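Tertiary structure, described
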Amino acid sequence: MGGLWSYGLSSHAETFIYEGPLEAGTILARVSEKYMDVDFGFFVDVAFGSSSPAAGEAVFGTLIGFRELLRGTIEEFTSRFF
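Residues numbered from 1 in each chain as written. Predicted model: local features only at pLDDT ≥ 70, side-chain atom pairs only at ≥ 80, totals over all residues. Heavy atoms only, no water.

Here we come to the overall build of the chain. Looking only at helices and strands, one finds 1 helix and 4 strands in the chain. Counted from the first residue to the last, the chain has its helices and strands arranged as β-β-β-β-α. Per-residue burial over the chain gives 13% buried out of 82 residues. For the chain, the share of sequence-separated contacts (at least 6 apart) that also reach a separation of at least 24 residues comes to 42%. When the accessible area of the chain is evaluated, it comes to approximately 6,700 Å², of which 61% is carbon and sulfur surface. (Helix = DSSP H or I, 4+ residues; strand = E, 2+ residues; numbered from the N terminus. Buried < 20%, exposed > 50% of the residue type's maximum accessible area, 1.4 Å probe, protein only. Contact = heavy atoms within 4.5 Å. Areas by Shrake-Rupley, 256 points an atom, 1.4 Å probe, with all protein chains shown as cover.)

With that settled, the discussion passes to the packing of aromatic side chains. The final tally for this structure, using the stated rule, is 2 aromatic pairs. When the centroid spacing of 4.8 Å and the interplanar angle of 40 degrees are considered together, the rings of Phe 77 and Phe 81 count as tilted. With Phe 77 and Phe 81 both in helix α1 (residues 59-81) and 4 residues apart, this pair spans about one turn of that helix. Put simply, the rings of Phe 77, Phe 81 and Phe 82 pair up and form one aromatic cluster. (Phe/Tyr/Trp six-rings, centres within 6.5 Å; stacked < 30°, edge-to-face > 60°.)

With respect to the helices, strands and loops of the structure, Glu 68 is situated in helix α1. For Glu 68, a relative accessible area of 38% corresponds to the partly exposed category.

A few words now on a nonpolar patch on the surface. Taken together, the side chains of Phe 77, Phe 81 and Phe 82 define a hydrophobic patch exposed on the protein surface, amounting to about 420 Å² of accessible area. The class of Phe 81 is exposed, set by a relative accessible area of 57%. (Patch = residues over 30% accessible without salt bridge, like charges linked within 9 Å, V, L, I, M, F, W, Y side chains within 5 Å. Salt bridge = Lys/Arg side-chain N within 4 Å of Asp/Glu carboxyl O.)

What follows is about the pattern of salt bridges. Following the criterion strictly, the structure yields 3 salt bridges and no others. Arg 67 serves as the salt-bridge partner of Glu 68, at 3.0 Å between the closest nitrogen and oxygen. Put simply, Glu 76 and Arg 80 hold a salt bridge, and the shortest N to O gap is 2.4 Å. Remark: Arg 80 and Glu 76 occur in helix α1; sequence separation between them is 4 residues, near one turn of the helix. Connected through salt bridges with shared partners, the residues Arg 67, Glu 68 and Arg 71 form a single ionic network.

On average, residues of the chain score 79 in pLDDT, and 89% of them reach the 70 mark or higher. Within the chain, α1 carries the highest mean pLDDT (90), whereas strand β1 (residues 2-5) carries the lowest (66). (pLDDT = per-residue confidence, 0-100.)

Right under this line is the structure:
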């Protein structure tokens, strides 16, 4: 689970967006009273379960991180050996 705040929220505002597996009673997002009139849009993602070393991490974001790490490794390898 993840989400985005609507425009109108100051970049300095203290916010919280939960990322990870959902359970009953999970607080999904939090913002100070000053910004209670902004909207919040949810997006759903698949997260690693509690038995994984990546517990609670979003699968999509983790895969993007792996892709970028691999891309950098290939570029470094290529620049040194070809």
